[in-house]
Amino acid sequence: MIAYLVRRILAVIPVMGIVVVIVFVLIRVSPGDPAAIIAGDYATPEAVQKIRVAMGLDKPIYTQFWIYLNDLAHGRLGTSLHSGLPVIRLIGQRAEVTAVLAFLTLLFSVLMAVPLGILAGWKRGTWIDQSAMVFAVVGFSMPTFWLGFLLIKVFSINLHWLPVQGYRSPTEGLWPFIAHLILPVFGLAVGYMALLARITRATVIDVLNSDYIRTAYAKGATHRTVLFIHALKNAAVPVVTTVGVGLALLLSGAVITESVFALPGLGRLTVDAVLQRDYTIIQGVTLIFSFVYVVINLLIDLSYTFFDPRIRY
Amino acid sequence: MLQHMKRNPVMVAGGVILVLLVLVALLAPWLHTVDPLDLDPAIRLTPPGAAHWFGTDMYGRDSYSRVIYGSRISLIVGASVALITSVVGLLLGLLSGYLRTLDGVIMRIMDGIMALPSLLLALSFVALANASVQNVIIALTIPQTPRAARLVRGMVLSLREEAYVEASVALGARLWRILLRHILPNAMAPLVVQASFTCAGAILIEAGLSFLGVGTPPDIPSWGNIMAESRSYVGVAFWLITFPGLFLAVTVLAINLLGDGLRDILDPRLSGRA
């Protein structure tokens, strides 16, 4: 187990290495000269050259990459081209909102979608199953930002039940904190819930069709015992995997949700950075998001032994 | 095929809606539309009515015409991304699955790309590119390609062990002949299904990018752009958000339904499961 653990953790290094290379290369192969774009439309060639030198873009690409790696190794993600502040500090200031949004969405989605998927799979072919699957396919097709606006229109503008936009820290009181997050969490959760419910249903159906379940029934076990004692634990692995894989969807969605609900998180930071062509921030946020994604998927991989004792490393 | 269609009316519905949307995009100039860029400040923010079916926006432009013309961008982006992704993914998957020497390198790069959230990857790309539909297509193709490549690779790995492939290797067939004549036709079906989901995803992300102000240039009406411009008017002119969003959701839904149906037909093992 420990050998596997070490191997699995070491396997993250090449993936992150490739992520670093991609993030580095992407900015350089984008059609457009970063220095010219940052300098603006009315800059003189001298001004553009000055920026190019200041950013180190006049150096050979391998030197640039070496400097970038060296900075990363020292925990430096560079400084914002716009505000001059260290990117790591800007990310630190905004991380709370995104972390809270992502965590609550994850929690809400799992708590809603997994029971729904189980119920749909268990009652396959009934109206419960059919309604759950209609929700799944519609939810998956729903644009996050459009849903966000519909929620704002109904619950904030028409009914005045919830605030339109913004974020309140938990230190400002529990209700304001929750009230500002209900709509963003729900809006972001719908797509993720749809994905999770579908996979849960498919897995439960698969497990319920397996031989050992038939044996359990033959032994006289009730529906309830079969489902809760025998089936669910074995259905956990694919569901937990989907939770991890779907996280990429969730993080992408968070960028848009933060924009719709004016939440000052990492997504807003990124979008503002894109509009200001502040590419050090974009690189930094992309790296951090990918790192979180890779680490969570690593933890999920390691959790398989807990859910399925047959999996031994 | 006809029997499959009878058994799966939901897929047929998806297909019919998609065909209608394509017709709407192609026939936009003849569908009672006006120039989507025509301004008329005198009629700004008119609610939907007989003269302007979907109302007018803050510059007095006809919302119906803008939404109809907007379908062109979504469908072009969706179809292009699905096509390019499939071709590139197919090529990488075939090479990776059949040539062990390339496998490690190609798949590690694909793993790296898949570890980046698609929207952020697309954002990083368009951040320094000039806003254009072409650049949006490239930006969306990069994050989607690994899925197609992995799928084809998986198929190739299992197909290369089949007796008929071994037989043709034994007969001295060239690599490309084996890949194109024997492996490609068998890998096509799952790839087509994957392409439909890629198309739906690309349409959603294009709208997302345009909504964030970094996708399709603002002078071209696209559903994401229209909603981005109208966001400050949610309280007073909700129709500006309703119609483009509805078209977007229905388009993506239609493609997803079609994809689900195709998967059931092409991969009967999964039929009725997910």
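Right above here is the structure, for reference.
So, here is what we can say about the structure in this document. Every value quoted in this text rests on a predicted model; they were computed, and no experiment measured them. (Residues numbered from 1 in each chain as written. Chains lettered and ligands numbered in written order. Predicted model: local features only at pLDDT ≥ 70, side-chain atom pairs only at ≥ 80, totals over all residues.)

### Remarks on the overall build of chain A
And then number 1: When helices and strands are tallied, chain A shows 13 helices and zero strands.
And then number 2: For the C-alpha atoms alone, the extent of chain A along its principal axes is close to 85 × 60 × 35 Å.
And then number 3: A total of 313 residues make up chain A; the buried ones form 37% of that total.
And then number 4: Here the contacts in chain A between residues at least 6 apart in sequence split such that 71% fall between residues at least 24 apart. (Helix = DSSP H or I, 4+ residues; strand = E, 2+ residues; numbered from the N terminus. Buried ≥ 20, exposed ≤ 12 C-beta atoms within 10 Å, placed from the backbone. Contact = placed C-beta atoms within 7 Å.)

### Let's talk about the overall build of chain B
And then number 1: A tally of regular secondary structure across chain B gives ten helices and zero strands.
And then number 2: The helix and strand sequence of chain B, counted from the amino end, reads α-α-α-α-α-α-α-α-α-α.
And then number 3: Judged by the C-alpha coordinates and their principal axes, chain B covers about 75 × 50 × 30 Å.
And then number 4: Sequence separation of 24 or more characterises 69% of the internal contacts of chain B that already satisfy a separation of 6 or more.

### What about unusual backbone geometry?
Residues apart from glycine generally show negative phi values, whereas peptide bonds are mostly found in trans.
Residue and element names in this part refer to chain A.
And then number 1: Backbone geometry at H160 places phi at a positive 55 degrees, although glycine is not the residue there.
And then number 2: With respect to the helices and strands, the residue H160 is situated in the loop between helix 7 (144-158) and helix 8 (174-208).
And then number 3: Taking the C-beta count within 10 Å as the criterion, H160 has 9 such neighbours and is therefore assigned exposed.

### Some points on the packing of helix 4 (residues 100-114) of chain B against helix 6 (residues 133-159) of chain B
All names here are of chain B.
And then number 1: Interhelical geometry of helix 4 versus helix 6 gives an angle of 130 degrees and a closest axis separation of 9 Å. What the angle tells us is that helix 4 and helix 6 run oblique. Considering the relative orientation of helix 4 and helix 6, their crossing is left-handed. Only I142, P143, P146, A149 and R150 of helix 6 make contact with helix 4, whose side of the interface consists of M110, I113 and M114.
And then number 2: In terms of residue class, the contact of helix 4 with helix 6 is built from seven nonpolar, no polar and one charged. (Axes fitted to C-alpha atoms, helices over the stretch in contact; angles between N-to-C directions. Parallel < 35°, antiparallel > 145°, perpendicular 65-115°, else oblique. Left-handed = near helix turned anticlockwise from the far one by under 90°. Nonpolar A, V, L, I, M, F, W, Y, C, P; charged D, E, K, R; others polar.)

### A word on the interface of chain A and chain B
And then number 1: The interface is formed by 48 residues belonging to chain A together with 42 residues belonging to chain B.
And then number 2: Among the secondary structure elements, those contributing two or more residues to the side of chain A that touches chain B are helix 1 (2-29), helix 2 (34-39), helix 6 (127-141), helix 7, helix 8, helix 11 (247-260), helix 12 (266-275) and helix 13 (279-307) of chain A.
And then number 3: With eight residues, helix 1 of chain A is the largest single contributor of residues to the side of chain A that touches chain B.
And then number 4: When its residues are assigned to classes, the side of chain A that touches chain B shows 36 nonpolar, eight polar and four charged.

### Thoughts on the packing of helix 8 (residues 175-211) of chain B against helix 9 (residues 223-230) of chain B
Residues and elements named next belong to chain B.
And then number 1: Axis separation between helix 8 and helix 9 bottoms out at 7 Å; the angle between their running directions is 35 degrees. The way helix 8 lies across helix 9 gives a crossing that is right-handed. Where helix 8 approaches helix 9, its residues E206, A207, G208, L209, S210 and F211 are matched on the opposing element by W223, G224, N225, M227 and A228.
And then number 2: In terms of residue class, the contact of helix 8 with helix 9 is built from six nonpolar, four polar and one charged.

### As for the nonpolar core
Side chains that are nonpolar tend, in soluble globular proteins, to be buried together.
And then number 1: One finds L196 and A197 of chain A together with A122, L123, V126 and V152 of chain B to be the most contacted residues of the largest nonpolar core, which totals 155 residues.
And then number 2: When residues no more than four places from it in sequence are discounted, the contact partners of V152 of chain B are G89, L90, G93, L94, G97, A187 and L191 of chain B. (Core = buried A, V, L, I, M, F, W, Y, C linked by C-beta atoms within 7 Å.)

### What to know about helix 7 of chain A
And then number 1: The first and last C-alpha atoms of helix 7 of chain A sit 20 Å apart over 15 residues, in line with the 21 Å expected at 1.5 Å per residue.
And then number 2: Its axis deflected by about 30 degrees at I152 of chain A, helix 7 of chain A carries its strongest bend there.
And then number 3: When helix 7 of chain A is considered as a whole, its buried residues turn out to be T144, F145, W146, L147, G148, F149 and I152 of chain A.
And then number 4: As for helix 7 of chain A, its buried residues are in contact with helix 8 and helix 11 of chain A together with helix 8, helix 9 and helix 10 (239-266) of chain B.
And then number 5: At the exit of helix 7 of chain A stands H160 of chain A, carrying a positive phi of roughly 55 degrees. (Expected span 1.5 Å × (residues − 1). Bend = angle between axes of the 7 residues up to and from the residue.)

### Points about the environment of M193 of chain A
Residue and element names in this part refer to chain A.
And then number 1: One can find M193 in helix 8.
And then number 2: Owing to 26 C-beta atoms within 10 Å, M193 belongs among the buried residues under this scheme.
And then number 3: In this structure the C-alpha to C-alpha distance between M193 and G246, which are 53 residues apart in sequence, comes to 9.7 Å.
And then number 4: If we skip the residues at most four places from it in the chain, M193 touches S109, M112, A113 and G139.

### Focus on the environment of P244 of chain B
Residue and element names in this part refer to chain B.
And then number 1: Within the fold, P244 resides in helix 10.
And then number 2: Separated by 92 residues in the primary sequence, P244 and V152 place their C-alpha atoms 35 Å from one another.
And then number 3: Beyond its immediate chain neighbours, meaning those up to four positions away, P244 contacts V67, G70, W223, I226 and M227.

### Things to note about the environment of L72 of chain A
All names here are of chain A.
And then number 1: Summarising the element assignment, L72 is placed in helix 4 (residues 61-73).
And then number 2: Judged by C-beta crowding, with 17 C-beta atoms within 10 Å, L72 ranks as partly exposed.
And then number 3: For the pair L72 and G284, spaced 212 residues apart in sequence, the C-alpha separation works out to 9.7 Å.

### Side note on helix 10 of chain B
And then number 1: Helix length check: helix 10 of chain B, at 28 residues, gives a terminal C-alpha distance of 40 Å against a target of 40 Å (1.5 Å per residue), a fit within 8%.
And then number 2: Summarising burial for helix 10 of chain B: 23 of the 28 residues are buried, a large majority.

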